[in-house]
Amino acid sequence: MNNKYKILIIEDESNIRTMVSTMLETNGYQVILAETCSTAKLIFDSHLPDLVILDLGLPDADGIQFIKHVRKNLLTPIIVLSARTSESDKVIALDCGANDYVTKPFGAAEFLARVRTALRINRHSTKEGKLPGGKFTLGDMTIDYDARRVSIRGDEIKLTQTEYNILAVLSEHCGKMMTYSAIIKAIWGESADEGSIKKLQVNMANIRRKLGIKPGEAKYIINELGVGYRMDQ
Ligand code: CA
């Protein structure tokens with residue numbers, strides 16, 4: 001019982017709260033519930049859950065307030081659950097520190113996959129701490145941070161410095177949806193404008209081609225149009 005992951009669900013709509021908690025409990029997770037932002041903060045501080053599922057439209061405050069509260073001190077993964085579909089809402093939540101974003105309505109299989117991915121990030125950040133140093137593997141791909149070398153099934157992939165840096169940054173945040181502006185800031189240290197997003201997209205197209213990813217194929221790197229990129233299988 002003690003080794004169960006503890007997941008805090010913050011959602012004011014009772015039918016969604018019940019659906020999500022049932023889904024998680026039947027898959028072996030321990031669930032704690034909150035209906036408002038203020039109770040969620042209290043529960044979070046006393047229970048320190050392993051993962052948070054957060055609705056943005058809460059009765060007493062915007063869910064963004066909760067993300068900011070957690071991110072003052074902790075890297076606990078947060079999956080935002082929302083009816084809001086606009087890209088700017090996703091970008092704001094992600095830039096405030098949410099790890100991922102699921103739009104209602106969603107399927108159980110996809111949702112549970114996102115939960116597992118987010119919990120993997122948690123284990124990563126507590127046990128191994130910050131990369132680089134050592135190696136990173138994802139499927140057939142290996143990144144050797146010391147040698148700045150990327151290979152697939154042992155064959156080296158020739159990347160430019162920028163292409164390598166982009167891939168390394170995404171791998172350091174594997175599982176997290178990174179917004180365009182977060183990647184651009186990490187690579188070029190500038191704020192995202194039309195030109196830098198274009199530059200990122202051109203580099204990404206080259207990376208995908210060199211890694212042998214077919215157009216439209218979601219392998220290694222997932223692109224959420226208008227939002228950003230996530231490294232994941
Ligand atoms: Ca709501």
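To start, this report covers the structure provided alongside it. (Residues numbered from 1 in each chain as written. Predicted model: local features only at pLDDT ≥ 70, side-chain atom pairs only at ≥ 80, totals over all residues. Heavy atoms only, no water.)

**Some details on the sheet that holds strand 3 (residues 51–55)**
Pairing is parallel in the open sheet, where five strands are placed in the order 2-1-3-4-5. The outermost strands of the open sheet, each flanked by one partner alone, are strand 2 (30–34) and strand 5 (100–103). The mean inter-strand angle of the sheet, taken between neighbouring strand axes irrespective of direction, is 20°. The sheet contact formed by strand 4 (residues 78–82) and strand 5 spans four bridges and is parallel. (Pairing = 2+ DSSP bridges. Helix = DSSP H or I, 4+ residues; strand = E, 2+ residues; numbered from the N terminus. Axes fitted to C-alpha atoms, helices over the stretch in contact; angles between N-to-C directions.)

**Notes on the coordination of the calcium ion**
Of the protein atoms, only Asp12 (OD), Asp55 (OD) and Gly57 (O) coordinate the calcium ion, at distances of 2.2 to 2.4 Å. Sequence positions of the donors to the calcium ion reduce to the motif D-x42-D-x1-G. You can see aspartate 12 sitting in the loop between strand 1 (6–10) and helix 1 (14–26) and its partner aspartate 55 sitting in strand 3, a full 43 residues away along the chain. (Donors = N, O, S within 2.8 Å, 3.2 Å for Na, K, Ca; no water.)

**So, the side chain of aspartate 144**
Checked against the element boundaries, aspartate 144 lands in strand 7 (residues 141–144). We note that aspartate 144 is buried and unpaired, the nearest opposite charge coming from lysine 135 at a distance of 4.1 Å. Contact partners of aspartate 144, with chain neighbours within four places excluded, come to Gly134, Lys135, Arg149 and Tyr164. (Buried < 20%, exposed > 50% of the residue type's maximum accessible area, 1.4 Å probe, protein only. Lys, Arg positive; Asp, Glu negative; His and termini not counted. Salt bridge = Lys/Arg side-chain N within 4 Å of Asp/Glu carboxyl O. Contact = heavy atoms within 4.5 Å.)

**Topic: the sheet that holds strand 12 (residues 228–231)**
With antiparallel pairing, three strands are arranged side by side in an open sheet as 10-12-11. Only two strands of the sheet have a single partner each, and these edge strands are strand 10 (177–179) and strand 11 (221–224). Direction aside, neighbouring strands of the sheet carry axes that sit 25° apart on average. Each of strand 10, strand 11 and strand 12 touches helix 6 (residues 161–172); the most contacted strand, strand 12, lies at about 70° to it.

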